[in-house]
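One letter stands for each residue in the lines below.
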Number of protein chains: 10
Amino acid sequence: MSQIGKQVVDFEVQAFANNDFKTVKKSDLLGKWSVFFFYPADFTFVCPTELEDLANLYPEFKATDCEIYSVSTDTHFVHKAWHDTSDTIKKIQYPMLADPTGVLSRGFDVMIEEVGLAERGTFIVNPEGEIVAYEVVAGNVGRNADELLRRLKALQFVAKNPSEVCPAKWKEGNETLQPSIDLVGKI
Amino acid sequence: MSQIGKQVVDFEVQAFANNDFKTVKKSDLLGKWSVFFFYPADFTFVCPTELEDLANLYPEFKATDCEIYSVSTDTHFVHKAWHDTSDTIKKIQYPMLADPTGVLSRGFDVMIEEVGLAERGTFIVNPEGEIVAYEVVAGNVGRNADELLRRLKALQFVAKNPSEVCPAKWKEGNETLQPSIDLVGKI
Amino acid sequence: MSQIGKQVVDFEVQAFANNDFKTVKKSDLLGKWSVFFFYPADFTFVCPTELEDLANLYPEFKATDCEIYSVSTDTHFVHKAWHDTSDTIKKIQYPMLADPTGVLSRGFDVMIEEVGLAERGTFIVNPEGEIVAYEVVAGNVGRNADELLRRLKALQFVAKNPSEVCPAKWKEGNETLQPSIDLVGKI
Amino acid sequence: MSQIGKQVVDFEVQAFANNDFKTVKKSDLLGKWSVFFFYPADFTFVCPTELEDLANLYPEFKATDCEIYSVSTDTHFVHKAWHDTSDTIKKIQYPMLADPTGVLSRGFDVMIEEVGLAERGTFIVNPEGEIVAYEVVAGNVGRNADELLRRLKALQFVAKNPSEVCPAKWKEGNETLQPSIDLVGKI
Amino acid sequence: MSQIGKQVVDFEVQAFANNDFKTVKKSDLLGKWSVFFFYPADFTFVCPTELEDLANLYPEFKATDCEIYSVSTDTHFVHKAWHDTSDTIKKIQYPMLADPTGVLSRGFDVMIEEVGLAERGTFIVNPEGEIVAYEVVAGNVGRNADELLRRLKALQFVAKNPSEVCPAKWKEGNETLQPSIDLVGKI
Amino acid sequence: MSQIGKQVVDFEVQAFANNDFKTVKKSDLLGKWSVFFFYPADFTFVCPTELEDLANLYPEFKATDCEIYSVSTDTHFVHKAWHDTSDTIKKIQYPMLADPTGVLSRGFDVMIEEVGLAERGTFIVNPEGEIVAYEVVAGNVGRNADELLRRLKALQFVAKNPSEVCPAKWKEGNETLQPSIDLVGKI
Amino acid sequence: MSQIGKQVVDFEVQAFANNDFKTVKKSDLLGKWSVFFFYPADFTFVCPTELEDLANLYPEFKATDCEIYSVSTDTHFVHKAWHDTSDTIKKIQYPMLADPTGVLSRGFDVMIEEVGLAERGTFIVNPEGEIVAYEVVAGNVGRNADELLRRLKALQFVAKNPSEVCPAKWKEGNETLQPSIDLVGKI
Amino acid sequence: MSQIGKQVVDFEVQAFANNDFKTVKKSDLLGKWSVFFFYPADFTFVCPTELEDLANLYPEFKATDCEIYSVSTDTHFVHKAWHDTSDTIKKIQYPMLADPTGVLSRGFDVMIEEVGLAERGTFIVNPEGEIVAYEVVAGNVGRNADELLRRLKALQFVAKNPSEVCPAKWKEGNETLQPSIDLVGKI
Amino acid sequence: MSQIGKQVVDFEVQAFANNDFKTVKKSDLLGKWSVFFFYPADFTFVCPTELEDLANLYPEFKATDCEIYSVSTDTHFVHKAWHDTSDTIKKIQYPMLADPTGVLSRGFDVMIEEVGLAERGTFIVNPEGEIVAYEVVAGNVGRNADELLRRLKALQFVAKNPSEVCPAKWKEGNETLQPSIDLVGKI
Amino acid sequence: MSQIGKQVVDFEVQAFANNDFKTVKKSDLLGKWSVFFFYPADFTFVCPTELEDLANLYPEFKATDCEIYSVSTDTHFVHKAWHDTSDTIKKIQYPMLADPTGVLSRGFDVMIEEVGLAERGTFIVNPEGEIVAYEVVAGNVGRNADELLRRLKALQFVAKNPSEVCPAKWKEGNETLQPSIDLVGKI
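Residues numbered from 1 in each chain as written. Chains lettered and ligands numbered in written order. Predicted model: local features only at pLDDT ≥ 70, side-chain atom pairs only at ≥ 80, totals over all residues. Heavy atoms only, no water.

**Student:** Provide a residue-level description of the overall build of chain A, including the pertinent values.
**Tutor:** Tallying secondary structure elements over chain A gives 5 helices and 9 strands in all. Rg of the C-alpha trace for chain A: 17 Å, near the compact-globule value of 16 Å for 187 residues, within the 12% margin. C-alpha extents for chain A along the principal axes are approximately 60 × 30 × 30 Å. Evaluated residue by residue, chain A yields a buried proportion of 65% over its 187 residues. Intrachain contacts of chain A at a sequence separation of at least 6 include 64% that bridge at least 24 residues. Surface summary for chain A: the accessible area is close to 6,700 Å², and the carbon and sulfur share equals 48%. Counting 19 positive and 28 negative side-chain charges, chain A places the centres of these two groups 2 Å from one another. (Helix = DSSP H or I, 4+ residues; strand = E, 2+ residues; numbered from the N terminus. Rg over C-alpha atoms; globule rule 2.2 N^0.38 Å. Buried < 20%, exposed > 50% of the residue type's maximum accessible area, 1.4 Å probe, protein only. Contact = heavy atoms within 4.5 Å. Areas by Shrake-Rupley, 256 points an atom, 1.4 Å probe, with all protein chains shown as cover. Lys, Arg positive; Asp, Glu negative; His and termini not counted. Charge placed at Lys NZ, Arg CZ, Asp CG, Glu CD.)

**Student:** I'd like a description of the arrangement of the chains, backed by residues and values.
**Tutor:** At the level of C-alpha atoms, the two units chain C and chain H stay apart, their nearest approach being 51 Å. At the level of C-alpha atoms, the two units chain D and chain J stay apart, their nearest approach being 46 Å.

**Student:** Can you break down the pairing of strand β8 (residues 120-125) of chain D residue by residue, with the values?
**Tutor:** Residue and element names in this part refer to chain D. Most of β8 is tucked away, with 6 of its 6 residues classed as buried. Sheet topology places strand β3 (residues 33-38) next to β8; 4 bridges connect them, and they run antiparallel. Across the sheet, the residue bridging to Val35 is Ile124, located in β8. As defined by bridge partners, β8 adjoins strand β9 (residues 131-137) across 6 bridges and the pair is classed as antiparallel. Bridge pairing links Thr122 to Glu135 in β9. (Pairing = 2+ DSSP bridges.)

**Student:** How would you summarise the UniProt feature "active site" (unreviewed entry) in chain A if you had to cite specific residues and measurements?
**Tutor:** Residue and element names in this part refer to chain A. The sites that UniProt annotates as "active site" (unreviewed entry) are Cys47. With respect to the secondary-structure elements, Cys47 resides in helix α1 (residues 46-63). Given the relative accessible area of 1%, Cys47 is considered buried. If we skip the residues at most four places from it in the chain, Cys47 touches Tyr39, Pro40, Ala41 and Arg120. (UniProt positions renumbered as here; feature names shortened; annotations may be inferred.)

**Student:** Can you tell me about the packing of aromatic side chains, naming the residues and giving the values?
**Tutor:** Overall, the coordinates contain 150 aromatic pairs over all chains when judged by the stated rule. Seen in terms of ring centroids, Phe43 of chain G and Trp82 of chain G are 5.8 Å apart; in terms of plane orientation they differ by 40°. Their pairing is tilted. Of the two residues, Phe43 of chain G sits in the loop between β3 (33-38) and α1 (46-63) while Trp82 of chain G sits in helix α2 (residues 76-85), which places them 39 residues apart along the sequence. You'll find Phe43 of chain G and Trp82 of chain G in the same group, each marked buried. Ring centres 5.3 Å apart and planes at 45° place the aromatic pair Phe157 of chain I and Trp170 of chain I in the tilted group. Residue Phe157 of chain I is located in helix α4 (residues 145-160), and its partner Trp170 of chain I is located in the segment after α4; the two are separated by 13 residues in the primary sequence. The cationic tip of Arg143 of chain B hangs over the ring face of Phe37 of chain B; the distance from NZ or CZ to the ring centre is 3.7 Å. (Phe/Tyr/Trp six-rings, centres within 6.5 Å; stacked < 30°, edge-to-face > 60°. Lys NZ or Arg CZ within 6 Å of the ring centre and 35° of its normal.)

**Student:** Lay out the interface of chain F and chain E with the relevant residues and their values.
**Tutor:** Listed as interface residues are 52 residues of chain F and, on the opposing side, 52 residues of chain E. The contact between chain F and chain E buries some 4,400 Å² in all, and 61% of this surface belongs to carbon and sulfur atoms. A salt bridge links Asp146 of chain F to Lys169 of chain E, with the shortest nitrogen-to-oxygen separation between them at 3.5 Å. Taken together, chain F and chain E are joined by 24 residue pairs in polar contact (both at pLDDT 80 or more). Those elements giving two or more residues to the side of chain F that touches chain E turn out to be α1 (46-63), β9 (131-137) and α5 (145-160) of chain F. Top element by residues in the side of chain F that touches chain E is α5 of chain F. It accounts for 8 residues. The residue makeup of the side of chain F that touches chain E, split by class, is 29 nonpolar, 10 polar and 13 charged. (Buried area = accessible area lost by both parts, 1.4 Å probe. Salt bridge = Lys/Arg side-chain N within 4 Å of Asp/Glu carboxyl O. Polar contact = N/O pair within 3.5 Å; in protein donor to acceptor, adjacent residues only side chain to side chain. Nonpolar A, V, L, I, M, F, W, Y, C, P; charged D, E, K, R; others polar.)

**Student:** Give me the side chain of Arg143 of chain F: which residues, what numbers.
**Tutor:** In this fold, Arg143 of chain F is placed in the loop between β9 and α5. Reaching out from Arg143 of chain F, the side chain makes a polar contact with the side chain of Thr122 of chain F at a distance of 3.0 Å.

**Student:** Provide a residue-level description of the packing of helix α1 (residues 46-63) of chain H against helix α5 (residues 145-160) of chain H, including the pertinent values.
**Tutor:** All names here are of chain H. Contact geometry for α1 and α5: axes closest at 10 Å, N-to-C directions at 25°. Between α1 and α5, the angle falls in the class roughly parallel. Crossing geometry of α1 relative to α5 is assigned as right-handed. Facing α1, whose interface residues are Asp53, Leu54, Leu57, Glu60 and Phe61, α5 presents Ala145, Asp146, Leu148, Leu149, Leu152 and Lys153. By residue class, the composition of the contact of α1 with α5 is 7 nonpolar, no polar and 4 charged. (Axes fitted to C-alpha atoms, helices over the stretch in contact; angles between N-to-C directions. Parallel < 35°, antiparallel > 145°, perpendicular 65-115°, else oblique. Left-handed = near helix turned anticlockwise from the far one by under 90°.)

**Student:** Give me the pattern of salt bridges: which residues, what numbers.
**Tutor:** All names here are of chain D. Evaluation of the coordinates by the stated rule reveals 120 salt bridges over all chains. Of the charged contacts in the structure, one is a salt bridge between Lys91 and Glu52, with a shortest N-O distance of 2.4 Å. Here Lys91 is found in the loop between α2 (76-85) and β5 (96-98), whereas its partner Glu52 is found in helix α1 (residues 46-63), with 39 residues between them in sequence. Using a relative accessible area of 41% as the deciding quantity, one classes Lys91 as partly exposed.

**Student:** Report on helix α5 (residues 145-160) of chain A, specifying residues and quantitative values.
**Tutor:** Residue and element names in this part refer to chain A. Taking 1.5 Å as the rise per residue, α5 with 16 residues should run 22 Å; its terminal C-alpha atoms sit 23 Å apart, in good agreement. Restricting attention to buried positions, one finds in α5 the residues Ala145, Glu147, Leu148, Leu149, Arg150, Arg151, Leu152, Lys153, Ala154, Leu155, Gln156 and Val158. Looking at where α5 begins, the residue whose side-chain oxygen comes 3.0 Å from the main-chain nitrogen of Asp146 is Asn144. (Expected span 1.5 Å × (residues − 1).)

**Student:** I'd like a rundown of unusual backbone geometry, residues and numbers included.
**Tutor:** Positive phi values are uncommon outside glycine, yet Asn19 of chain D reaches one of about 60°. Position of Asn19 of chain D relative to the elements: it lies in the loop between β1 (12-17) and β2 (20-25). At Phe43 of chain G, a position not held by glycine, the phi torsion is positive, near 65°. A relative accessible area of 2% places Phe43 of chain G in the buried class.

**Student:** I'd like a description of the side chain of Glu50 of chain D, backed by residues and values.
**Tutor:** If you trace the backbone, Glu50 of chain D turns up in helix α1. A relative accessible area of 2% places Glu50 of chain D in the buried class. Within polar-contact distance, the side chain of Glu50 of chain D engages the side chain of Arg120 of chain D at 2.9 Å. Here the side chain of Glu50 of chain D touches Arg143 of chain D through a polar contact of 2.5 Å, landing on its backbone nitrogen. Apart from the residues within four sequence positions on either side, Glu50 of chain D is in contact with Ala168 of chain C together with Phe37, Arg120, Val141, Gly142 and Arg143 of chain D.

**Student:** Please give an account of the relation of the copies chain F and chain E that cites residues and values.
**Tutor:** Aligned on chain E, chain F shows an RMSD of 0.1 Å; the corresponding rotation is 180° and the shift along the axis is 0.0 Å. Given the turn and translation reported, the copies of this chain are related as if by a two-fold rotation axis. Considering only C-alpha atoms, the part of chain F nearest the rotation axis is Glu135 of chain F, at 1.9 Å. Looking at the interface residues of chain F, 100% of them are also at the interface in chain E, so both copies use one shared face. (Least-squares fit on C-alpha atoms with pLDDT ≥ 70 in both.)

**Student:** Tell me about the environment of Thr88 of chain E, and name the residues and values.
**Tutor:** With respect to the helices and strands, Thr88 of chain E occurs in helix α3 (residues 87-90). Remark: the alpha-carbon pair of Thr88 of chain E and Ser72 of chain E, spanning 16 residues in sequence, is separated by 17 Å. Apart from residues no more than four positions distant in its own chain, Thr88 of chain E is found in contact with Pro48 and Glu52 of chain E together with Ile187 of chain F.

**Student:** A description of α1 of chain G should follow, citing residues and the corresponding values.
**Tutor:** Residue and element names in this part refer to chain G. For α1, with 18 residues, the first-to-last C-alpha span of 27 Å sits near the 26 Å given by 1.5 Å per residue. Where α1 bends most, at Leu57, the angle is about 55°, and the proline Pro59 comes one to four residues later. What α1 keeps buried is the set Val46, Cys47, Pro48, Thr49, Glu50, Leu51, Asp53, Leu54, Ala55, Leu57, Tyr58 and Phe61. Two residues or fewer after α1 comes Asp65, characterised by a positive phi angle close to 65°. (Bend = angle between axes of the 7 residues up to and from the residue.)

**Student:** Talk me through the environment of Ala17 of chain C; I want residue IDs and the actual numbers.
**Tutor:** With respect to the helices and strands, the residue Ala17 of chain C is situated in strand β1 (residues 12-17). When residues no more than four places from it in sequence are discounted, the contact partners of Ala17 of chain C are Lys22 and Pro95 of chain C.

Right, dumping it as structure tokens:
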């Protein structure tokens with residue numbers, strides 16, 4: 001079975017957000033869209049380029065009522081220290097979750113047990129707390145926040161318009177399809 | 001554990017390819033890159049737009065020495081019939097795999113057991129037969145073959161250049177990073 | 001134990017019937033006779049000759065208050081596409097059930113697990129939902145709808161006349177036997 | 001799983017044949033076709049009409065190199081006594097197998113455990129000892145030896161001509177089909 | 001543990017009795033004495049001499065309020081046929097039980113599993129449904145109904161006179177013993 | 001399963017025989033016939049009448065090459081003491097086996113666990129060490145050594161003449177039967 | 001764990017006492033002291049010397065309100081016979097318990113399973129039914145009733161005077177010790 | 001099962017002996033007789049009177065080639081300290097074993113688990129390392145070394161004279177018995 | 001998991017305290033601080049130097065409302081004897097617990113099973129009965145009561161001042177730290 | 001069981017040492033003394049004071065041939081970043097081990113599973129890789145490197161001088177004790 005439709009694991013973790021420490025938990029997800037953005041480790045190389053890519057698009061995610069949570073197995077103390085010392089990371093305004101117990105990395109099936117770090121995995125979660133899309137890429141290649149945003153908007157569109165579906169490469173404003181028995185074999 | 005680094009399941013299935021029926025099996029993957037592109041069912045709606053999107057980029061995938069395999073739980077007889085009767089599907093030149101036993105859909109963890117169909121899952125497999133990237137999207141939203149091609153090329157680049165890594169949004173020709181202890185905390 | 005007297009498995013599947021998609025389920029069987037007619041795959045060779053043979057006799061089955069359900073592991077989308085494109089299949093007026101999960105093929109013990117397709121199995125089900133006769137033939141030989149109809153009528157006759165039994169080759173209108181202790185050793 | 005392709009159970013039973021008692025066992029089946037014809041009990045009512053129907057066609061079965069074995073859970077002493085005292089049964093020339101242990105009735109899945117008797121089940125077995133067709137009918141309705149013979153001949157035909165298949169209602173001398181990719185969707 | 005004192009198994013079987021078919025069950029035993037007389041098979045050799053021996057003494061058993069039940073694994077149809085055709089068996093007036101399921105043969109531990117037939121076992125059952133004496137003899141030697149009757153009468157005597165015991169070879173009318181501490185070592 | 005055909009349990013016990021103590025064991029049985037005659041307890045009431053009955057016929061048993069072993073759970077010291085003090089028991093010339101461990105009483109399934117004593121069970125054992133006949137009678141009724149001798153001789157007769165069988169009540173010198181297919185239904 | 005403080009097993013056995021048979025059971029022990037005196041077998045050699053030794057001191061045991069029970073695995077019939085025929089045993093006035101089931105021999109852990117006889121074990125039981133002293137000696141050496149009586153009296157003394165203890169070799173009338181912290185290291 | 005005939009547990013413990021510390025182990029027992037004398041605790045009350053009683057008879061035990069081992073769960077340091085400070089204990093010349101792990105107390109089944117101390121248990125062990133006699137007395141009553149010596153000598157006598165047995169109260173020089181079948185019932 | 005935060009095991013043991021014997025149990029700990037000070041054995045070498053070291057500081061521990069319990073697997077009788085005879089031990093005023101059952105040594109994970117003695121382990125327990133610090137040192141090296149007292153006082157300080165923490169080497173009167181997000185990376 | 005004498009778990013981890021990244025593994029420990037110094041997290045409060053305390057004494061540890069390893073569940077990237085940015089941490093010259101998988105924290109039993117961080121635990125390991133001393137303190141109280149050094153030196157002393165032991169508070173140069181039987185009870 002894939003993870004599509006699975007409820008997010010029950011969790012309660014420390015986060016660094018708005019220059020403060022706070023607790024984030026499962027119930028905070030309900031009622032709005034979320035993106036969980038896992039990466040291996042603070043103070044490394046590919047990760048900051050990805051986090052910056054997301055930081056740049058953060059206003060557009062917020063505009064669609066979607067919160068972003070970055071997650072690594074580092075502590076919130078380390079997130080704070082990185083934020084303090086890196087110009088790139090300083091741009092981040094979304095919560096940075098600390099997962100030293102692995103409750104999230106294992107709950108989303110992205111823990112690499114041999115090294116105790118998370119894979120580069122991204123998960124879109126709907127307002128009911130269910131995973132509706134995800135991608136995982138081997139550790140040395142960066143993701144693309146534009147495609148993530150495109151996919152999020154398509155998922156939000158079909159959630160609001162259940163009788164329509166979004167074809168390949170669909171972007172906001174493009175045409176959609178309306179499935180019916182008469183369309184069978186016609187596309 | 002994620003599926004990154006997992007060997008593809010051992011399999012042997014019927015396929016429709018080059019206007020003929022043939023057998024495709026695990027050992028056919030070794031030595032070149034592969035994409036497994038799962039979709040729910042022939043003669044439906046989103047699927048053909050995605051398959052066409054891939055068909056259009058097929059020459060570029062072939063140029064990078066990567067084969068594409070589309071997969072559904074339909075039989076090869078049905079793939080042939082669809083190819084015969086749909087103008088869209090007629091464009092397809094890559095092998096269409098038949099998975100009525102679910103050996104592939106279960107082997108890649110994308111079988112939806114309640115309906116007997118596969119999720120919209122895409123997997124990039126390296127020449128050693130290991131999964132190196134994947135994405136799964138809920139059934140009513142189409143994927144994007146451009147992003148798939150970008151990611152494939154980045155994975156091929158770092159496979160050839162093990163001391164370099166590709167930052168976020170990297171495209172062929174962009175700069176890469178060379179990790180070293182001196183870069184720690186500098187990005 | 002044979003399958004005689006066994007309740008049909010609980011099921012709910014998609015069907016193509018009367019040029020539309022609908023749901024067929026266990027409770028639809030109760031109160032009238034049914035025939036379940038399994039075959040391996042749409043768009044193949046022996047299957048359409050058998051389905052046509054049944055289609056020709058369909059009025060006689062309906063006249064005895066018996067519904068026919070053809071079943072393969074193909075989807076209802078594929079049934080529709082086949083019906084649209086084949087002159088033979090276009091004659092079919094009975095519901096064509098879609099069994100991609102195998103709930104029916106396994107419930108009636110006719111799934112061929114190595115290929116994910118059903119055997120050529122026919123089952124007569126009484127108005128209480130119990131199997132009262134069945135036959136299974138290896139994949140490359142067609143069945144005979146005349147014999148199926150003969151057998152159905154004999155089973156309906158003894159259901160209505162519990163003190164009588166039908167001898168070999170009995171057809172509607174032939175004489176029956178009335179078992180009694182005095183007949184022991186006299187036939 | 002259906003019983004198609006299953007090896008017949010290993011067995012060794014007493015039989016009444018040619019007015020004598022003899023032993024029949026699994027290895028006697030290899031190299032020629034066989035029919036196993038189960039019925040509930042000697043000295044009853046439907047059974048003798050079925051056995052007579054078979055006895056009449058016995059020369060045609062022998063002509064196709066096929067042996068017939070009738071089977072009930074009665075002893076060989078009882079088969080002899082019935083043969084001695086019933087004019088109908090006296091016509092039987094094929095071996096009558098005694099199955100008081102149920103090795104055959106259970107091996108072919110036709111034992112009715114609550115009463116210790118066999119269902120009305122017929123099985124066609126190929127020269128390799130594998131079941132290739134079978135039918136089972138509730139206890140009060142007789143079978144039809146003509147249809148059994150038609151089916152046997154079709155199975156023998158495709159065994160000899162593996163590239164051909166027999167359509168519905170095929171009888172010796174009728175045309176057959178030759179499956180090929182070009183026939184897909186054409187029947 | 002021996003079978004002495006064991007309740008007879010719960011059962012319900014078909015019987016041939018008084019030229020008719022009827023059902024005999026556990027509760028029919030309560031309130032009077034019973035003899036269960038197992039033998040291997042109808043239409044054989046030793047068995048009819050034993051059954052005739054019992055038939056001759058049947059009036060004396062009835063006079064002591066004891067019913068006799070003969071039992072084999074043959075059906076009631078076969079018992080009827082044997083009764084019809086054998087002059088010896090025709091003398092039998094006690095019920096002949098049919099045990100094709102083996103419920104009695106296994107319940108009294110006399111089933112020979114390799115051949116599906118019962119041993120030559122005799123059981124005396126008291127009015128409470130408990131076994132109080134039994135004997136089993138290998139298949140080719142006949143029993144002796146005189147000794148059975150002697151033993152039944154002795155068992156009935158001590159059941160009525162609990163303070164007395166019957167010495168070896170005791171017959172109706174002989175003296176009995178009255179155990180007391182003063183008899184210890186005196187016999 | 002009955003005990004017919006079962007090998008006697010492996011055993012080694014103390015015995016009182018010929019006014020001495022000796023060991024009797026399983027291997028002593030092989031090559032000649034044996035009777036095991038169980039009874040509850042020394043110094044009681046029914047038991048001595050039975051043992052005397054056997055003692056009187058002992059010469060005839062010896063003449064047929066059959067040894068008698070009486071068995072109770074008392075020790076060999078007690079057997080000796082009883083033999084010394086009872087005029088009845090003093091007549092015994094066969095070995096009296098001591099079974100305080102219950103190896104024989106449990107091995108022949110006649111131990112009454114609630115009281116630690118054996119039932120009144122008699123077993124005839126052939127020269128191969130297999131049980132060929134047995135009887136068990138509730139505790140307060142004596143057995144009959146004449147019937148035991150009749151049965152032993154019949155069993156010895158058919159052991160020597162395997163193609164013949166002894167009918168009911170057969171005694172030495174009576175006629176026997178020779179089973180053949182022509183006798184079926186003729187007795 | 002030793003057996004000190006263990007409740008005597010629940011039991012109900014036959015006994016020979018006062019020239020009669022009676023039942024002795026667990027509840028008979030409560031409220032007075034008891035000695036259980038196990039020995040291997042009636043009619044043997046060491047045993048009667050020990051039983052006589054006890055019989056001689058029986059009045060003194062009774063005077064301390066202590067009952068003696070001798071126990072072997074022989075039956076009560078055998079105890080009676082031995083009492084009748086041996087001048088030594090005739091002196092016994094205490095109950096002789098019969099333990100053919102081994103409930104006592106196993107309950108006190110003195111059964112020798114290989115021979116079905118009890119070890120030479122003596123147990124002192126207090127009025128609460130708990131074992132307070134015991135000894136077991138290999139089979140060929142007799143015990144000493146004087147030492148048993150000494151020990152019984154010491155145990156009765158400390159039961160009545162809980163603040164005192166009896167030193168080694170203590171006999172009735174000797175001084176005892178009164179434990180206190182001031183005595184630590186002073187003896 | 002009793003402990004008679006059981007091999008002493010394998011052990012290796014510290015001891016205080018001859019004013020020094022040394023190791024005592026299982027193999028030291030073989031070839032001579034031993035007494036294991038368990039007591040609850042050093043520096044208590046009954047224990048020293050018993051140990052002194054034994055110390056007084058130690059020369060007689062040594063004269064019969066028997067070693068004495070006293071055992072408590074105290075350490076060898078504590079044994080030394082007690083020996084240093086108590087006039088009574090200073091008399092001891094036999095080894096005092098230290099059993100803080102409980103290997104001996106549990107191996108001889110005398111550990112009182114609720115308090116971690118040993119019962120007052122004495123064991124006589126033969127030169128083959130097997131227990132041949134033992135006694136256990138509740139904690140507040142002293143044992144008697146005279147009776148222990150009497151019993152040891154009787155056990156040594158029958159070990160040397162296997163055809164003789166020692167009657168009750170036997171002491172060195174008394175007569176013994178020679179069991180034979182002629183003695184049965186004569187004592 | 002470490003033992004920090006674990007509830008002390010439930011226990012009830014004998015102790016030597018204030019020149020008397022008394023019982024100490026789990027509930028005695030609640031409401032004040034405790035130190036459990038394990039050592040291998042009374043009457044040995046390192047142990048008394050450690051116990052004296054503690055005895056010297058006992059007034060300071062009492063002043064902080066902390067009780068000290070020394071523990072070995074010796075009995076309370078031995079503690080008393082040691083206290084009586086050693087000038088060093090005579091100084092001890094805190095309770096000396098006796099642990100011959102090992103309930104404490106095993107409950108605190110310091111039992112050395114091969115020798116039945118405790119390791120040199122020290123445990124600080126808070127007024128809720130939870131372990132808050134511990135140390136264990138191999139058997140031949142003495143501990144340091146000054147460091148134990150320093151640590152106890154620091155633990156008491158932070159228990160009273162939950163927003164402060166004690167840095168390395170902190171002693172009463174030194175400065176403490178007040179953790180806050182602004183201190184991250186500043187120390 | 002305590003952890004004294006336990007082999008250190010087999011491990012291989014990343015470390016930051018000498019301004020570089022390197023691998024440290026089990027085999028690096030053999031042949032010299034080691035201290036494992038666990039603390040909860042980088043960039044926190046008590047931890048740096050403890051690490052600085054150790055850093056100050058590092059030359060003295062090195063002088064005794066002992067390596068120090070600090071360990072937290074942070075990555076080596078984070079150790080490097082902390083070392084770069086904190087003046088306190090910059091003083092550290094010993095290797096800082098990274099334990100994100102918890103192999104060390106669990107192997108030494110100091111992982112706090114609820115938060116994924118290590119307790120404040122210190123372990124002294126001898127040149128054979130065995131733990132010889134350890135201490136664990138609840139999270140908000142700092143340790144004392146002076147006491148650690150004292151203890152290390154005492155352990156090294158007794159390792160070199162096995163016949164001597166170090167009393168409480170022993171420091172280099174102080175007198176030691178030489179255990180012998182004559183010292184028992186003299187300290």
